[in-house]
Amino acid sequence: MGSQAGMADILLLTWLLLVVLLILYRRALPKPIPGIPYNLEATKTILGDIPALTRHLSSTKEVFPWMCFQNIKLKSPIIQLFIKPLSKPWVIITDYKEAQDILTRRTKEFDRSPYFSDIFHGVMPNHHITMSSTDERFPANRKLIQGMMSPQFVNDILAPQVYSATEMLIEFWKVKSELAQGRPFDLRDDIIETLLDTISVSTFGLSRSHGAISAQLAFLRGAPSLSETDPTTITPVEFPRTQRPPLIDAFITLTQSMVLPSMRRSKALKEAMISQQLTWALRRFSGKGAEQTSTCVLDDIVRREIKLAEKEKRVPDCQSRTIFDELYGFVTGGVDTTGSTLMWAIKYLSENQDAQSRLRMSLRDSFSTASEKARKPTVREITKARIPYLEAFLEETFRMAVTIPSHVRTATEDVVVLGHVIPKGTDVFLSINGPGFTSPGFDIDEKKRSESCASLRDGSEQWELKDMNLFRPERWLVTDQNGNESVNHSAAPQMLFSLGPRSCFGKRLGQLNMRVLLVLLVWHFEFLPLPGELISDDGIEKFTRQPRLTFVRLADAS
């Protein structure tokens, strides 16, 4: 009898345990926000939409196109996805007008998402991009760097460094082009290293002689000749490369690698360099006879910190983590965003020969003095010129490249979007890579929009919807009655740099980088068509979205 009673107790306990586990499992299942469309099968497993996303990633390696496709699949401009188990769902909105409203007018209801803190915490946790607008540190961070994006600083201090680094890239590509004999080669490393060379000088004040591209150029010139090649073949050339300068290699490791020992070594090298440059700058700008002119971003930050310390009657703290992280933000922002966007721009040049020819002709006409004297435009000529087709080409590149496929905000209170209540604390992804941006948007009942959204005048009634999936810079141009062209910046949906008070801090610098690089590269090179097997619209997602294939074929355009 005792053994039977014991067995009964065990069975009862087992049954109770199973009941408890079942209750806990059901409580752990995704909880949809009422009314917002979702994938029904995702609510039947704790993993939510993760299995479907994992299957997609096994073939494409891109998250954001899959997210945007769910809006199309569910036939709604607003959906919810269950990506983080035991957490609130992500709300995905793909509509230009709603995104504009949220980013510019509803800034009290939506703030910078912790999503960014999760991405950048290991690299620069004290950078302003990781902070909400209500973070007590945020105003001080922005005050420290507020002069970095002034037109004078960008054009007079930063632009010459971009120009100089691009000159070195052009010299490097001339050598590569001659050796390649019309065959394609991969440009990804060249673009990244050129931008890191620029940032090393313009941000940290380092010597230009230690650049990566100059080292690669010297090595290629001294390397054994390539084996004889058939110029009619389309097989890409693989050029020999030398080791990068240690600091450039450290920057690349920190932005692209997750190998912890490499990360530690690279972080130590980066930290030592910044500390040394800050120490030297503090000496130069302190005391009697102090220097008064900044030559790089670091100089300007140190001068600003000295002035703030004097005003607040304290000792300057030029070794603060805030200064370290704000400085390093120029590396992650300048390299990833500009580098990825330039890779897409070169892809569009190669695949759109008519647009490339018109752009080059516009440059020759605008810089007629340079053309007549058989020289390239100067940096001042480039920064001062207003060339409608160049601006249109850049706008179309920003629209189509979707280097940043989504802007993320968190609801700071319960909010209503398109008639649906979104609970406080929910992450809202504002997609810019699908309906409403690169394809016609959803038909939306205007009565469902908020009052602030309904009152927006975004120019969408004039957008040409039928070819939004095509690269066509002409869509941005308008011609007056005298035949003069200008750019209509509202001619199509484009918000690569975001909008509103938390839009991209480095927008002006990013646009300058693209302008200088594109002008000089198109001035010197023809970007020839590539064979079909080297062309793809697929991307790879790192901090930003880059083309999966980054090959180029060059010819002399001078």
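Residues numbered from 1 in each chain as written. Predicted model: local features only at pLDDT ≥ 70, side-chain atom pairs only at ≥ 80, totals over all residues. Heavy atoms only, no water.

Colleague: Teacher, can you tell me more about the packing of aromatic side chains here?
Modeller: We describe a pair of aromatic rings using the distance from one ring centre to the other and the angle between the two ring planes. Under the criterion given, the structure shown has 17 aromatic pairs. Plain terms: the ring middles of Tyr-348 and Phe-471 are 4.5 Å apart, the flat faces sit at 25° to each other, and that makes the pair stacked. Pair noted here: Tyr-348 is in helix 13 (residues 321-351) and Phe-471 is in the loop between helix 18 (451-454) and strand 9 (477-479), with a separation of 123 residues, a long-range link. Phe-471 shares its class with Tyr-348; the two are buried. Taken together, the ring pairs in this structure connect Trp-173, Phe-185, Phe-239 and Phe-525 into an aromatic cluster. Over the ring of Tyr-328 we find Lys-270; its NZ or CZ atom is 4.7 Å from the centre of that ring. Positioned above the aromatic ring of Trp-523 is the side chain of Arg-364, whose terminal nitrogen or guanidinium carbon lies 4.4 Å from the ring centre. (Phe/Tyr/Trp six-rings, centres within 6.5 Å; stacked < 30°, edge-to-face > 60°. Helix = DSSP H or I, 4+ residues; strand = E, 2+ residues; numbered from the N terminus. Buried < 20%, exposed > 50% of the residue type's maximum accessible area, 1.4 Å probe, protein only. Lys NZ or Arg CZ within 6 Å of the ring centre and 35° of its normal.)

Colleague: What is the right way to read the packing of helix 8 (residues 188-202) against helix 10 (residues 246-256) from this model?
Modeller: A pair of packed helices is characterised by two quantities: the angle between their axes and the separation of those axes. Where helix 8 meets helix 10, the axes come as close as 10 Å, and the angle between the chain directions of the two elements is 115°. Between helix 8 and helix 10, the angle is such that the two are roughly perpendicular. Seen along the crossing, helix 8 lies across helix 10 with a hand that is right-handed. From helix 8, Ile-192, Glu-193, Leu-196, Asp-197 and Ser-200 reach across to helix 10, where they touch Ile-248, Phe-251, Ile-252 and Gln-256. Considering only residue class, the contact of helix 8 with helix 10 consists of five nonpolar, two polar and two charged. (Axes fitted to C-alpha atoms, helices over the stretch in contact; angles between N-to-C directions. Parallel < 35°, antiparallel > 145°, perpendicular 65-115°, else oblique. Left-handed = near helix turned anticlockwise from the far one by under 90°. Contact = heavy atoms within 4.5 Å. Nonpolar A, V, L, I, M, F, W, Y, C, P; charged D, E, K, R; others polar.)

Colleague: Would you mind showing me how to read the pattern of salt bridges here?
Modeller: Two side chains of opposite charge can pair, provided their charged atoms sit close to one another. Taken as a whole and judged by the stated rule, the model has 36 salt bridges. A salt bridge links Arg-321 to Glu-271; its shortest N-O distance comes to 2.7 Å. One end of the pair, Arg-321, is in helix 13; the other, Glu-271, is in helix 11 (residues 260-284), with 50 residues separating them in the sequence. Classification of Arg-321 by relative accessible area gives partly exposed; the value is 36%. Measuring nitrogen to oxygen at the nearest pair gives 3.6 Å for the salt bridge that ties Arg-358 to Glu-474. Highlighted residues: Arg-358 in helix 14 (residues 353-366) and Glu-474 in the loop between helix 18 and strand 9, separated in sequence by 116 residues. A residue is classified by how much of its surface remains accessible, and Arg-358, at 25% relative accessible area, is partly exposed. Of the residues examined, Glu-474 reaches a relative accessible area of 28% and is grouped as partly exposed. When salt bridges that share partners are traced, they join Lys-176, Asp-189, Asp-190, Glu-193, Arg-241, Arg-244 and Asp-249 into one network. (Salt bridge = Lys/Arg side-chain N within 4 Å of Asp/Glu carboxyl O.)

Colleague: Please clarify how the environment of Glu-178 should be interpreted in this entry.
Modeller: One can find Glu-178 in helix 7 (residues 151-180). Between the C-alpha atoms of Glu-178 and Asn-433, which are 255 residues apart in sequence, the distance is 38 Å.

Colleague: Which parts of the structure should I look at to understand the domain arrangement of the chain?
Modeller: A common measure of how large an interface is: the accessible area buried when the components associate. When its domains are assigned, the chain resolves into domain 1 (31-123 + 405-474) and domain 2 (151-224 + 241-404 + 496-556). For domain 1 and domain 2, the distance between their C-alpha centroids amounts to 31 Å. On the side of domain 2, 31 residues touch domain 1, which itself brings 30 residues to the contact. Carbon and sulfur atoms make up 58% of the area that domain 1 and domain 2 hide from each other, which totals about 2500 Å². Summed over the shared surface of domain 1 and domain 2, the number is two salt bridges. (Domains from an automatic or database assignment. Buried area = accessible area lost by both parts, 1.4 Å probe.)

Colleague: Sorry, what's going on with the nonpolar core here?
Modeller: Soluble globular proteins: nonpolar side chains tend toward being buried together. Counting 120 residues, the largest nonpolar core has Trp-173 and Phe-527 as the members making the most contacts within it. When residues of this core are assigned to their parent elements, the largest contribution, 14 residues, is made by helix 13. Contact partners of Phe-527, with chain neighbours within four places excluded, come to Trp-173, Ile-346, Leu-349, Ser-350, Gln-353, Gln-356, Arg-360, Leu-521, Val-522, Val-552, Arg-553 and Leu-554. Residues Ile-33, Ala-99, Val-428 and Ile-432 belong to the second largest nonpolar core, which totals 23 residues. (Core = buried A, V, L, I, M, F, W, Y, C linked by side-chain atoms within 4.5 Å.)

Colleague: I'm lost on the UniProt feature "binding site: heme" (unreviewed entry) in the chain in this one. Help?
Modeller: In the UniProt entry, the feature "binding site: heme" (unreviewed entry) is given for Cys-504. Relative accessible area serves as the criterion here: at 36%, Cys-504 is assigned to the partly exposed category. (UniProt positions renumbered as here; feature names shortened; annotations may be inferred.)

Colleague: Even after reading the chapter, I still don't get the pairing of strand 2 (residues 90-93), so can you show me in this structure?
Modeller: Along any regular strand, the residues point their side chains to alternate faces of the sheet. Covered by surrounding structure in strand 2 are Trp-90 and Ile-92 together with Val-91 and Ile-93, the residues of both alternating faces. Bridging between strand 2 and strand 8 (residues 427-431) involves three bridges; their strand directions are parallel. By the bridge assignment for strand 8, Val-91 is matched with Val-428. (Pairing = 2+ DSSP bridges.)

Colleague: Help me understand helix 14 in this model?
Modeller: Count 3.6 residues to each turn of an α-helix, and residues three or four apart come out pointing the same way. Look at helix 14: 20 Å from first C-alpha to last across 14 residues, which is about the 20 Å you get at 1.5 Å a residue. Of the residues making up helix 14, those classed as buried are Ala-355, Gln-356, Leu-359, Arg-360, Ser-362 and Leu-363. Looking straight down helix 14, one finds that the buried residues subtend no more than 160° of arc, so they occupy a single side. Of the exposed residues in helix 14, the ones pointing more than 90 degrees away from its buried face are Asp-354 and Asp-365. Structurally, helix 14 contributes buried residues whose contacts are with helix 13, helix 17 (388-401), helix 19 (507-524) and strand 11 (525-527). (Expected span 1.5 Å × (residues − 1). Arc of directions from axis to C-beta.)

Colleague: Explain helix 19 to me, please; I cannot follow it from the model alone.
Modeller: The end-to-end C-alpha distance of helix 19 is 26 Å, a good match for the 26 Å that 18 residues give at a rise of 1.5 Å each. Judged by how many residues are buried, helix 19 sits mostly within the fold: 15 of 18 residues are covered.

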